[in-house]
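Each chain is listed here by its residues.
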Amino acid sequence: MSESINADRGLTYPGNLGCPGCGASIAINHALKGLGEKTVLVIPACCFAIMAGPYPMTALKVPILHTAFATAAVSAAGVRAGLDMQGDTETTVVAWAGDGGTFDIGIQSLSGTAERNDDIIFVCYDNEAYMNTGVQRSSATPYGTRTTTTPGAGWKRTRKKNIMEIMAAHRIPYAATANIAFPDDFIRKFAKAREMRGGTRFIHVFSSCPTGWGVASSLAIKIARLATRSNIFPLYEIENGTDWTLNLEGDLPVGDYLGAQGRFRHLTPEDLEQIQQEVDADLALIQERVAATRVRKAHLKPET
Amino acid sequence: MIASLRPTLLFPVSRTSTEANRTGSWRFVRPVYRFKTAPCSAACPAGIDIPTVEMLASRGQIHDAWAHICRENPFPAVCGRVCFHPCEDACNRAELDAPIAINALERYIGDAGLAACSPLVSPAAALLQREVAIVGAGPAGLAAGYFLTQLGISAEIFESTEEPGGVLRWGIPSYRLPKAVLAAEIDRIAAAGVKIHCNRPVNPDTLAEMAARYDAVLVGAGLAAPLRLNISGEASIIDGLAFLKQVQAGSAPVASGEVAVIGGGNTAIDVARTLLRQGARPTIVYRRRRQDMPAFGHEIAAAEAEGVRIVELMAPVSAAADGNGVRMTLQPMRAAEVGADGRVRAVPAKQPPQEMRFKAVFSGIGAGVAEPWHRPADEADAIRLSHCAICRGTPTVGYIGDPVTAENSVAHAIGSGKQAAIALHALFTEGPEAVAPAVDRCRVGPGPALSMEIYLNGERSRRNGRVVTFADVNTDYFLRAERCAIPALAPAAAANGFEEAVATLKPRDALAEAARCFNCGICNDCDNCRIFCPEQTILVGEGGRRSVDLDYCKGCGICTVECPRCAMDMEEESA
Ligand SMILES: Cc1ncc(C[n+]2csc(CCOP(=O)(O)OP(=O)(O)O)c2C)c(N)n1
Ligand code: SF4
Ligand code: SF4
Ligand SMILES: [Mg+2]
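Residues numbered from 1 in each chain as written. Chains lettered and ligands numbered in written order. Predicted model: local features only at pLDDT ≥ 70, side-chain atom pairs only at ≥ 80, totals over all residues. Heavy atoms only, no water.

Engineer: What is the right way to look at the packing of helix 12 (residues 240-249) of chain B against helix 13 (residues 266-277) of chain B in this model?
Structural biologist: The description of two packed helices rests on the angle between their axes and on the distance between the axes. All names here are of chain B. Packing of helix 12 against helix 13 brings their axes to within 10 Å, and their N-to-C directions diverge by 45°. With respect to helix 13, the axis of helix 12 lies oblique. Handedness of the crossing formed by helix 12 with helix 13: left-handed. Of helix 13, the residues touching helix 12 (which contributes Gly240, Leu241, Phe243, Leu244 and Val247) are Thr267, Asp270, Val271, Thr274 and Leu275. (Axes fitted to C-alpha atoms, helices over the stretch in contact; angles between N-to-C directions. Helix = DSSP H or I, 4+ residues; strand = E, 2+ residues; numbered from the N terminus. Parallel < 35°, antiparallel > 145°, perpendicular 65-115°, else oblique. Left-handed = near helix turned anticlockwise from the far one by under 90°. Contact = heavy atoms within 4.5 Å.)

Engineer: Teacher, can you tell me more about the domain arrangement of chain B here?
Structural biologist: All names here are of chain B. If you check the domain split of chain B, you get domain 1 (23-35 + 523-572), domain 2 (39-118 + 466-515), domain 3 (131-221 + 370-441) and domain 4 (226-368). Placing the centre of domain 1 and that of domain 2 at their C-alpha centroids yields a distance of 30 Å. Taken together, the two surfaces of domain 1 and domain 2 that pack against each other cover about 720 Å², and 47% of this comes from carbon and sulfur. The interface formed by domain 1 and domain 2 includes one salt bridge. The closest approach of N and O atoms between Arg59 and Asp525, which form a salt bridge, is 3.3 Å. On inspection of domain 1 and its partner domain 2, the count reaches five residue pairs in polar contact (both at pLDDT 80 or more). (Domains from an automatic or database assignment. Buried area = accessible area lost by both parts, 1.4 Å probe. Salt bridge = Lys/Arg side-chain N within 4 Å of Asp/Glu carboxyl O. Polar contact = N/O pair within 3.5 Å; in protein donor to acceptor, adjacent residues only side chain to side chain.)

Engineer: Help me understand the coordination of the magnesium ion (ligand 4), please; the structure alone is not making it clear to me.
Structural biologist: Each pair of donors in an ideal octahedron of six around a metal sits at 90 or 180 degrees, and each pair in an ideal tetrahedron of four sits at 109.5 degrees. Residue and element names in this part refer to chain A. Distances from the magnesium ion (ligand 4) to its protein donors, Asp99 (OD), Asn127 (OD1) and Ala129 (O), fall within 2.0 to 2.1 Å. Ordering the donors of the magnesium ion (ligand 4) by residue number gives the pattern D-x27-N-x1-A. Taken as a pair, Asp99 in the loop between strand 4 (92-97) and helix 4 (100-104) and Asn127 in the loop between strand 5 (121-126) and helix 6 (163-169) lie far apart in primary sequence, 28 residues in all. The same class applies to Asp99 as to Asn127, namely buried. (Donors = N, O, S within 2.8 Å, 3.2 Å for Na, K, Ca; no water. Buried < 20%, exposed > 50% of the residue type's maximum accessible area, 1.4 Å probe, protein only.)

Engineer: What is the right way to look at a nonpolar patch on the surface in this model?
Structural biologist: The grouping of Leu17(A), Ile50(A) and Trp26(B) at the surface amounts to a nonpolar patch, some 250 Å² of accessible area in total. Turning to its location among the elements, Leu17(A) is positioned in the segment before helix 1 (23-35). (Patch = residues over 30% accessible without salt bridge, like charges linked within 9 Å, V, L, I, M, F, W, Y side chains within 5 Å. Areas by Shrake-Rupley, 256 points an atom, 1.4 Å probe, with all protein chains shown as cover.)

Engineer: What is the right way to read the pattern of salt bridges from this model?
Structural biologist: Two side chains bearing opposite charge may form a pair once their charged atoms approach each other closely. Summed over all chains, the structure comprises 63 salt bridges over all chains. The salt bridge partner of Glu299(B) is Arg176(B), with a shortest N-O separation of 3.3 Å. Residue Glu299(B) is found in helix 14 (residues 297-306), and its partner Arg176(B) is found in the loop between helix 9 (167-170) and helix 10 (179-191); the two are separated by 123 residues along the sequence. Owing to a relative accessible area of 6%, Glu299(B) belongs among the buried residues under this scheme. Its relative accessible area of 9% is what places Arg176(B) among the buried residues. Within the structure, one salt-bridge network assembled from shared partners comprises Asp185(A), Arg188(A), Lys189(A), Lys192(A), Glu237(A) and Glu239(A).

Engineer: For this particular structure, what's the right way to read the sheet that holds strand 8 (residues 238-239) of chain B?
Structural biologist: Note on sheets: strands pair through backbone hydrogen bonds, and any given pair is parallel or antiparallel. Residue and element names in this part refer to chain B. In space, the five strands of this open sheet follow the order 8-16-9-10-11, with parallel pairing throughout. Single-partner strands in this sheet number two, and they are strand 8 and strand 11 (309-311). As judged from the three bridges shared by strand 10 (residues 280-285) and strand 11, these two strands associate in the parallel manner. If you follow Ile284 over to strand 11, its bridge partner there is Ile310. Contacts between helix 13 and the sheet are confined to strand 9 (257-262), strand 10 and strand 16 (360-363), with strand 10 contributing the most and set at about 165° to the helix. (Pairing = 2+ DSSP bridges.)

Engineer: Would you take a moment to explain helix 8 (residues 139-150) of chain B for this structure?
Structural biologist: Because each turn of an α-helix spans 3.6 residues, side chains separated by three or four positions in sequence point in the same direction. All names here are of chain B. For helix 8, built from twelve residues, the straight-helix expectation of 16 Å at 1.5 Å per residue is met to within 8% by its first-to-last C-alpha distance of 16 Å. Summarising burial for helix 8: twelve of the twelve residues are buried, a large majority. Considered for burial, the residues of helix 8 that qualify are Pro139, Ala140, Gly141, Leu142, Ala143, Ala144, Gly145, Tyr146, Phe147, Leu148, Thr149 and Gln150. Downstream of helix 8 by one or two residues, Gly152 has phi in the positive range, about 80°. (Expected span 1.5 Å × (residues − 1).)

Engineer: Just to check I follow, could you spell out the nonpolar core for this structure?
Structural biologist: What tends to happen in soluble globular proteins is that the nonpolar side chains get buried as a cluster. By size, the foremost hydrophobic cluster in this structure holds 97 residues, and its most contacted members are Ile109(B), Val132(B), Leu148(B), Leu218(B) and Leu424(B). Per-element accounting of this core gives the leading share, twelve residues, to helix 15 (residues 410-430) of chain B. Here this core gathers at least three residues from each of two domains, domain 2 (39-118 + 466-515) and domain 3 (131-221 + 370-441) of chain B. Residues in contact with Val132(B), not counting those within four places in the same chain, are Leu148(B), Ile153(B), Ser154(B), Ala155(B), Glu156(B), Tyr214(B), Ala216(B), Leu218(B), Leu424(B) and Phe428(B). The next biggest cluster of nonpolar side chains, apart from the first, holds 61 residues, and it includes Val135(A), Cys209(A), Trp213(A) and Ile221(A). (Core = buried A, V, L, I, M, F, W, Y, C linked by side-chain atoms within 4.5 Å.)

Here it is, written out as structure tokens:
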């Protein structure tokens, strides 16, 4: 290798133990660009807990606190309280959990933290199943998915839990979705969340899992991009639980996204049609809220 | 403190990094940076590195873009006006929306070079003690002189007329190519060290004298003999090429009324549009179908928009002059089968011949070789290359330009001069056996375009010859965007005089147009590979050159898929 090489790897070390093409790995790279080095991560059990380094190794140049599966949010709040006692108001505390650690086992601690409006950023990197233990379904697993606990004809018949609406219901200052395939938007949202300080900020990250989804590792970004372009994973922000902004409107049918993945390969055209209708309805709901936000804001503004 | 409560015992802290895990050992395929060939550049007879030129232009580095063109073509302002731009027909962007306006951008960049009075870069190769004489200061001869100089070989051009330029000067009307633009680009070639002697006609005797004094002679005499129609009354038909020359010299009689131009090539179009500008009403009479006309499509369209009438499938049988003009007898034709040349033949239709009257009739069917010594003898011991022929012996005599190129255009003439310069350099430095391989090595993709940068072992020589297709482009990164409108005079206004019919792009439009380019097959520093690499293994070296840290690359292949322009490939690990 030539000596002139700039080995700028940001705030991560190479050599993490994630699968080739892991979306969580890309997500942490993007996220730390927005968060900066004054960051502490709190990580519960999940794939990323392994990737962040088996003891005595670390894959990140920022401190990490490993915590129990159910306790990411409260542990982060605890770290925040500790830092406050030390007079450190600069460092950002970030809980970094999978969908299992967010939607399922982690939700009571997350809800409690959000209700107390503790000063942390909670990031859910969502790969839509319990990947670290072998692809078991979670409540973030979408309708139509085959997992090891929803195999064969028993594919998941219930829809994905809408975590964003749950978080909005807590009226926290900021909740946003982000996708690894849209780095500019992704980094902007992390930087914005960092600057907001003082309350609970929640970021729901779309994070492909080539291994669990039956997708070639090389297509991890392409698939993620399709998720947003088909409106299955819209990019939007909610401030104070009520002010909605849609960042990007997709232009592709859901079939382009679903058809490219092994976990959805069994779906019939009728299934796709049903999913399309749900996706359209969900997007329409977001659009209604965006429109309502605009009307409300126009109303609040004094006439000029 | 109680020993068991010491924090280090309660909180195990990781103190080493995962860098110890050489995850590169997991890999069974590896990404490689492999820059490839853009279809436009392979289609350019002058072999210009178009993706790089557009990349530089899109960044506003117009001078760098200009210098980059000049490595392969010393005539950007000329070609930006007169080239038939086969590059645009090959452009991948056509499949998304519309091809890049490569020709208009070349003109924009070329004009910027003229405005800045930028000198051509000095010779890139070591000086050789060799001297080459060139017969004819047309585009092929001037290009040969320029490229020889680049290769450290001194070149002297002998031109029979009083000014250099050849067909560019006397054949191409000034509404397409203003004389000042031509003169400025020729002056720059002279300033780069090419000696140009005017009023020095060469004949076989003087050629022999020259051959004795120089290490080689290149003959680039062009096509100067008008082709004959071989019909009765031909004497009453005016030679279109001679007419164009007279117009350039300001000595042509002004035509008026209904006039005819016979032919379907670019000469016919140039003659007709010139006549129109003199105030006449020209009709082009062509023996095949309109779509079979060999003239460039955009020239035909411009002529028609200005008011030139085209009569297809009419073959002249005879012409007769009387006091009032010329009476043409024309045979109606019909399209027949495809001929040996691959073109649809025209054969006489059943209808009887027709008569048409014109104030004057011009022939515009092109030209042939004026003197037998302007092209190599069939029996000569010659290295026959795609764009030139080098006859070995003492002395070495090479032939360049229209008499030896399969297609005749300014860009082909430039390619011809370049090929001859490379051939002579290889001959002088490594001997006759080296000529064909040297030329072959310079091919841009499958060729026949040739690159001087490749010959000089520049960055392009490390590119892969595979031509990038539209399917290779990751169109996730390109939104549809309208092609720039090329500013032009309204046809009616253009037809009124010899002012340039087409204008140069405005800076904003030029930059936006250049930014539409996919930059097929090259790296434009978009950084996608690095941004999306999950392992942070993409390293950036000097000049933005990227490499993969194979100690850690797991071979996921995301970089290669997300490179919008196919500058990377995945390769199987060899065990
Ligand atoms: C209380 C408890 N239950 C079960 C586990 C086993 N476990 C470890 S990681 C994991 C799955 C995590 O899934 P998710 O949060 O979605 O993260 P992912 O691995 O998919 O990234 C499970 C079930 C555990 N560590 N702790
Ligand atoms: S998009 Fe650019 S590089 Fe690609 S073919 Fe067209 S002009 Fe050439
Ligand atoms: S992704 Fe961008 S930076 Fe990387 S090789 Fe391709 S063009 Fe260059
Ligand atoms: Mg998960």
